[in-house]
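Examining the three-dimensional arrangement
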Amino acid sequence: MIVSMSMDFDQAAADRALHELGQMVIADSEFAGKDWQGITLVIQVEPRKRMFGYRYKSDGKWEGATPEGRPTILKARELADAMKIAGKEGWKTCLVQISRPGPNIKVDFEYDDPNRWDVTPANLEARVEELRPR
């Protein structure tokens, strides 16, 4: 469920888009039928559209993994639009974390810094662990 302090957006549409986003991710060939205990995606919808992510395996190891880009980013854009509050800036980037068993989904939204969860060669190991679903 999405929680907002003001609740001045279409809660039902946002919940529906979030549920569909989670379903799309776990059904994607990158994850369906594969060993994973966690999935992390960073999806940026503003100022540009991009996505990166990781699959966390049951042995504790991880590897870069993202679902098919266009449909996933479009669904994230639908979520952002559903959450938009008139007269205010919407979120720019979201952190999607899916974990097993469940699956359970957790989403965090960044309204100011679209590069908040960026991964660089200098922070790769630490950031990938920081982004691991708990």
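What you see is a predicted model; the values in this text were computed from it and never measured.

1. Brief notes about the overall build of the protein
Within the protein one finds three helices and five strands. Secondary structure elements of the protein, listed N to C terminal, follow the sequence α-β-β-β-α-β-β-α. Whereas a compact globule of 134 residues would reach a radius of gyration of roughly 14 Å, the protein reaches 14 Å, a difference of no more than 12%. Judged by the C-alpha coordinates and their principal axes, the protein covers about 45 × 30 × 25 Å. The burial tally for the protein puts 45% of its 134 residues in the buried class. If you take every contact in the protein between residues at least 6 apart in sequence, the share linking residues at least 24 apart comes to 54%. Summed over all atoms, the accessible surface of the protein reaches about 7,500 Å², with 51% contributed by carbon and sulfur.

2. Some thoughts on the packing of aromatic side chains
In this structure the tally under the stated criterion is four aromatic pairs. On the numbers, 6.3 Å between centres and 75° between planes, the contact of Phe52 with Tyr54 is edge-to-face. When sorted by exposure, Phe52 lands in the same class as Tyr54, which is buried. When the centroid spacing of 5.4 Å and the interplanar angle of 85° are considered together, the rings of Tyr54 and Trp62 count as edge-to-face. Linked through ring pairs, Phe52, Tyr54, Tyr56 and Trp62 together constitute an aromatic cluster. Its guanidinium or amino end placed over the ring of Trp36, Arg100 lies 3.7 Å from that ring's centre, counting from NZ or CZ.

3. Overview of the pairing of strand 5 (residues 104–110)
For strand 4 (residues 93–99) and strand 5, the ladder comprises seven bridges, and the chain directions are antiparallel. Its bridge partner lying in strand 5, Thr93 is registered against Glu110. Here strand 4 folds back onto strand 5, and the loop between the two strands holds four residues, one of which, Gly102, carries a positive phi near 145°.

4. Some points on the pattern of salt bridges
Throughout the structure, instances matching the rule amount to 13 salt bridges. In this structure, Asp108 engages Arg116 in a salt bridge whose closest nitrogen and oxygen atoms are separated by 3.6 Å. A salt bridge links Glu129 to Arg132, with the nearest nitrogen and oxygen atoms 2.8 Å apart. Within this structure, Glu30, Arg55, Lys57 and Glu63 form a network of salt bridges that share partners.

The rules behind each value
- Residues numbered from 1 in each chain as written.
- Predicted model: local features only at pLDDT ≥ 70, side-chain atom pairs only at ≥ 80, totals over all residues.
- Heavy atoms only, no water.
- Helix = DSSP H or I, 4+ residues; strand = E, 2+ residues; numbered from the N terminus.
- Rg over C-alpha atoms; globule rule 2.2 N^0.38 Å.
- Buried < 20%, exposed > 50% of the residue type's maximum accessible area, 1.4 Å probe, protein only.
- Contact = heavy atoms within 4.5 Å.
- Areas by Shrake-Rupley, 256 points an atom, 1.4 Å probe, with all protein chains shown as cover.
- Phe/Tyr/Trp six-rings, centres within 6.5 Å; stacked < 30°, edge-to-face > 60°.
- Lys NZ or Arg CZ within 6 Å of the ring centre and 35° of its normal.
- Pairing = 2+ DSSP bridges.
- Salt bridge = Lys/Arg side-chain N within 4 Å of Asp/Glu carboxyl O.

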